[in-house]
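Here's the letter readout for the chains.
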Amino acid sequence: MNESRSIIHLLGIKLGIYLAAVAAAYVLAAVSATQSVVSSLAGLGVDVGWSERLAMTVHDLGGMADMFLPLIAFGFLLAFLSTALLCRWWGRWRFVLYPVAGAAAVTSIHLLLHFSFGITPVAIARGAGGLAVQALAGAVGGFTYIALTRRFAPAVFDDTPMEQGGA
């Protein structure tokens, strides 16, 4: 009974860490998208003050949550599960693998939407620089995941990689 409680406790911690990583990536991606639009407006000669910037950012954080947040959550789920499998063999590389997985997840979201449906719902991702900024937001999410896992679930860190051909 005590062992099942510890497993449930660990799974709850891991879920919280996953949600924090998704939130970190989403907030950075949404804020960067908003500030890119504001910069474009400033380039057109529209004066946007700090209070308007803040209001637009808060509005976009709420407005993009119904579409963009679930995409990031699903992308991170797939990326982090794949990375967890890779860490069974290359566990010492997890500090590189999770940020790369986060960056790949966010980049894949934008590219798959563009190539599948011909849409890019987040304007910043239409250019290579903006797509790189979005990938950086995903990498920060991946780093958040691994840093919080190290802090709150250190039992997960078993740096002994599996032998080739192992189970």
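Above this text sits the structure in question.
In this text the structure is predicted, and so the values were computed from the model without any measurement.

(A) Up close: the packing of helix α4 (residues 94–117) against helix α5 (residues 128–152). For the pair α4 and α5, interaxial distance at closest approach is 7 Å and the crossing angle is 140°. Comparing their axes, α5 and α4 come out oblique. Remark: the crossing between α4 and α5 carries right-handed chirality. Contact residues: Arg-94, Phe-95, Tyr-98, Pro-99, Gly-102, Ala-103, Val-106, Thr-107, His-110 and Leu-111 in α4; Leu-131, Gln-134, Ala-135, Gly-138, Ala-139, Gly-142, Phe-143, Tyr-145, Ile-146 and Arg-150 in α5. A breakdown of the residues in the contact of α4 with α5 according to their chemical character gives 12 nonpolar, 6 polar and 2 charged.

(B) Fine view of the side chain of Gln-134. Along the chain, the position of Gln-134 falls in helix α5. Polar side-chain contacts of Gln-134 include one of 2.9 Å to the side chain of Ser-32. Those residues in contact with Gln-134, other than ones at most four positions away along the chain, are Ala-29, Ser-32, Ala-33, Phe-68, Val-106, His-110, Val-122 and Ile-124.

(C) Expanded view of the packing of aromatic side chains. Scanning all chains against the criterion turns up 5 aromatic pairs. Centre to centre, the rings of Phe-76 and Phe-80 are 4.8 Å apart; their planes meet at 40°, and the pair counts as tilted. Here Phe-76 pairs with Phe-80, and both are found in helix α3 (residues 68–87), just 4 residues apart, close to one helical turn. Aromatic rings pair up to connect Phe-76, Phe-80, Tyr-98 and Tyr-145 into one cluster. Over the ring of Trp-50 we find Arg-53; its NZ or CZ atom is 5.3 Å from the centre of that ring. Stacked on the ring of Phe-152, the Lys or Arg Arg-151 has its end atom at 5.1 Å from the ring centre.

(D) Structural detail: the packing of α3 against α4. As a packed pair, α3 and α4 sit with axes 8 Å apart at the nearest point and diverge in direction by 140°. One way to sum up the angle between α3 and α4 is to call them oblique. Seen from above, α3 lies across α4 with right-handed handedness. Across the interface between the two elements, Phe-68, Leu-71, Ile-72, Gly-75, Phe-76, Ala-79, Phe-80, Thr-83, Ala-84, Leu-86 and Cys-87 of α3 pack against Arg-94, Leu-97, Tyr-98, Ala-101, Gly-102, Ala-105, Val-106, Ile-109, His-110 and Leu-113 of α4. Looking at the contact of α3 with α4, its residues break down into 16 nonpolar, 4 polar and 1 charged.

Conventions adopted
Residues numbered from 1 in each chain as written. Predicted model: local features only at pLDDT ≥ 70, side-chain atom pairs only at ≥ 80, totals over all residues. Heavy atoms only, no water. Axes fitted to C-alpha atoms, helices over the stretch in contact; angles between N-to-C directions. Helix = DSSP H or I, 4+ residues; strand = E, 2+ residues; numbered from the N terminus. Parallel < 35°, antiparallel > 145°, perpendicular 65-115°, else oblique. Left-handed = near helix turned anticlockwise from the far one by under 90°. Contact = heavy atoms within 4.5 Å. Nonpolar A, V, L, I, M, F, W, Y, C, P; charged D, E, K, R; others polar. Polar contact = N/O pair within 3.5 Å; in protein donor to acceptor, adjacent residues only side chain to side chain. Phe/Tyr/Trp six-rings, centres within 6.5 Å; stacked < 30°, edge-to-face > 60°. Lys NZ or Arg CZ within 6 Å of the ring centre and 35° of its normal.

Everything listed here is a matter of coordinates, which is why it stays silent on function.
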